[in-house]
Amino acid sequence: MPDQKYLYIKTFGCQMNVHDSEQIEELLKKEGYQKTDDAKRADLVITNTCSIREKAEHKAYSMLGRFRHLKELNPELIIGVGGCLAQQLGRNLFKKAPYLDLVFGTHNIHLLPEMIQQIKSNKNRIVETLFHESVKSLGIRTLPDNGCVSSYVTIMQGCNNFCSYCVVPYLRGREESRESNDIIDEITFLADHGVREVTLLGQNVNSYGETLPDGSNFPALLKRISDIKGIERIRFTTSHPKDLSDDLIRCYDTINKLCKHIHLPVQSGSDYILKRMNRRYTSEDYIKKVKKLREICPNVSITSDIIVGFPGESDNDFQKTIDLMEKVRFDNAFSFKFSFREGTSVEKLNGNIEDSVKSKRLSMLQSLQEKHSMEINKNLEGSVANILVEGFSKNDQADIMGRTSTNKIVNFTGDIGTVGKIVPVKIIKACTHSLRGKMI
Ligand code: 5AD
Ligand code: SF4
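Residue numbers run consecutively from 1 along every chain, following the written order of its sequence. Chain letters start at A and ligand numbers start at 1, both assigned in the order the entries are written. Residue-level local features of this predicted model are given only where pLDDT is at least 70; pairs of side-chain atoms are given and counted only at 80 or more, and the full residue set underlies all totals for whole chains, interfaces and linings. Side-chain measures here rest on the full set of heavy atoms in the structure, leaving out hydrogens and waters.

**Notes on the domain arrangement of the protein**
Then, in step 1: Domain assignment breaks the protein into domain 1 (5–128), domain 2 (143–259), domain 3 (267–379) and domain 4 (384–439).
Then, in step 2: These domain limits were set by an automatic method or by a database of domain assignments. Here the C-alpha centre of domain 2 lies 27 Å away from the C-alpha centre of domain 1.
Then, in step 3: If you look at the interface, domain 1 gives 15 residues, while domain 2 gives 16 residues.
Then, in step 4: Accessible surface is computed with a 1.4 Å probe, and the buried area is the amount of it that two parts give up when combined, taken over both parts together. Sorting the residues of domain 1 by area buried against domain 2 places Gln15, Met16 and His19 first, and these three jointly supply 43% of that buried surface.
Then, in step 5: A side-chain nitrogen of Lys or Arg and a carboxyl oxygen of Asp or Glu constitute a salt bridge if their distance falls within 4 Å. For the pair domain 1 and domain 2, the number of links is one salt bridge.
Then, in step 6: Linking arginine 172 and aspartate 20 is a salt bridge whose minimum nitrogen-to-oxygen distance equals 3.1 Å.
Then, in step 7: As used in this structure description, the phrase polar contact means that two N or O atoms lie within 3.5 Å; if the pair is within protein, one of them must be able to donate a hydrogen and the other to accept it, and residues adjacent in sequence are counted only when both atoms belong to side chains. Connecting domain 1 to domain 2 are five residue pairs in polar contact (both at pLDDT 80 or more).
Then, in step 8: Each helix corresponds to a stretch of at least 4 residues labelled H or I by DSSP, and each strand to a stretch of at least 2 residues labelled E; elements are numbered beginning at the N terminus. Every element with two or more residues in the side of domain 1 that touches domain 2 is listed here: helix H1 (15–29) and helix H3 (84–89).
Then, in step 9: Among the elements that make up the side of domain 1 that touches domain 2, the one with the highest residue count is H1 (eight residues).
Then, in step 10: Residue classes follow a fixed rule: Ala, Val, Leu, Ile, Met, Phe, Trp, Tyr, Cys and Pro count as nonpolar, while Asp, Glu, Lys and Arg count as charged, and any other residue, Gly among them, counts as polar. Across the side of domain 1 that touches domain 2, the residue classes break down as four nonpolar, eight polar and three charged. A contact between two residues is defined here by any heavy atoms of the two lying within 4.5 Å.

Here you go:
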């Protein structure tokens, strides 16, 4: 066993990044690195960055700034930056933060042990942002912390959609699906180690299998996963509305283990803006799919992503987004002000929207969403939901928490021994982003 060393890791951005960090931890555990929450104690500091929106990028920069001080305290410390910002800036990150030792891109996680070894022996810096045809890090198996019942599983990487505002296809590369047998093996391994719920990750899971020669597709993969003993719940994210097929919608009826929730980013309710975003569906197409989903699965919860202030978005276009929200009534929506990302095709579009207008629209939209979320949650008061118990509540360690199949957090007084079990809980109080329950 190598000497005990400490790893401090900080993650920004999406679930994909969270899972990448879990894979980094797993790889480095084998090299003798134990995770610490105390950066000052670390031998290796890694930040896994996100640059999908300007705000995420700023957060990553301010974190990097704080690392300078750590290097002054401990000149032997190795500091690495991974993720989308690293992919985007590569060696240029050294100009912004000369104290960095390592910059690694989104396809190079599997090379980390080797690169760290090289830095130690040669005392030089390393940049590795090459795209590999087959993303090796996709297959790194991670086991969630002891007692953890829910786990992420990456089923594909990259994106071929090129929405005009989005850097992901440039920073995570072209879409590539993992072999279905690999995925099944990994989930069987997780189930054997106590995992009861998996969340399948990909930028657009609906097109899973398109890059594979064996004719696999997403509904077929879901069916195979549902046959794995020990797995009780299956979730997935994210879905592109244009690829949400009738076959997949039917899975909500035929696959019992499939959770009654879908994250279906709409981005805008205006057809003009959707076209400029290169989303390739209309608001009517979207609403029709929602209707089909609700016909098949009446209580399905639907969440979304929405961008305000996209170039050319008039008051009327924004109103169409509000109208769509009123029609659909999302359970929850993540909303963002448009931010320009270098290299994306939006560059060619005119009609920049002033920040004050974006802010006004964002706060209008968020108030409406809060109202809808609260109304939907209020309707659940008095009902009984099956909760998969995950552990102690974040708000109050005297309580435990879990999720409904519809992905709503429920806090309740209960026995920590029920972690990993699905228990019936009566909903007694609704909040905007969670529910209070009572075990029955
Ligand atoms: N500006 C604002 N929001 C963005 N998103 C992606 N790119 C941008 C951008 N340039 C949002 C989309 C996407 C979510 C993950 O981030 O809503 O669904
Ligand atoms: Fe970005 Fe569009 Fe791909 Fe989602 S589908 S990752 S928004 S390009």
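**So, the sheet that holds strand E11 (residues 233–237)**
Then, in step 1: As summarised here, the arrangement of the three strands in space is E7-E10-E11, forming an open sheet in which the pairing is parallel. The open sheet has two edge strands, strand E7 (150–154) and E11, and neither has a second partner. Each adjacent strand pair in this sheet contributes to an overall mean axis angle of 25°, direction not counted.
Then, in step 2: At least two bridges found by DSSP between two strands is the condition for calling them paired. Across five bridges, strand E10 (residues 197–201) lies against E11 in parallel orientation. Among the inter-strand pairings, threonine 199 is bridged to a residue of E11, identified as arginine 235.
Then, in step 3: Here H1 sits on the sheet and contacts E7, E10 and E11; the angle it forms with E7, its principal contact strand, is near 95°. Axis lines are fitted through C-alpha atoms, for helices just across the contact stretch, and the angle between N-to-C directions can take any value from 0 to 180 degrees.

**Quick word on the site of ligand 2**
Then, in step 1: Around ligand 2, the surrounding shell consists of Cys159, Asn161, Phe162, Cys163, Tyr165, Cys166, Val168, Pro169, Gln203, His240 and Arg279.
Then, in step 2: Grouping the amino acids of the shell around ligand 2 by side-chain chemistry returns seven nonpolar, three polar and one charged. We call a residue near a molecule or strand whenever a single non-hydrogen atom of that residue lies within 4 Å of it.

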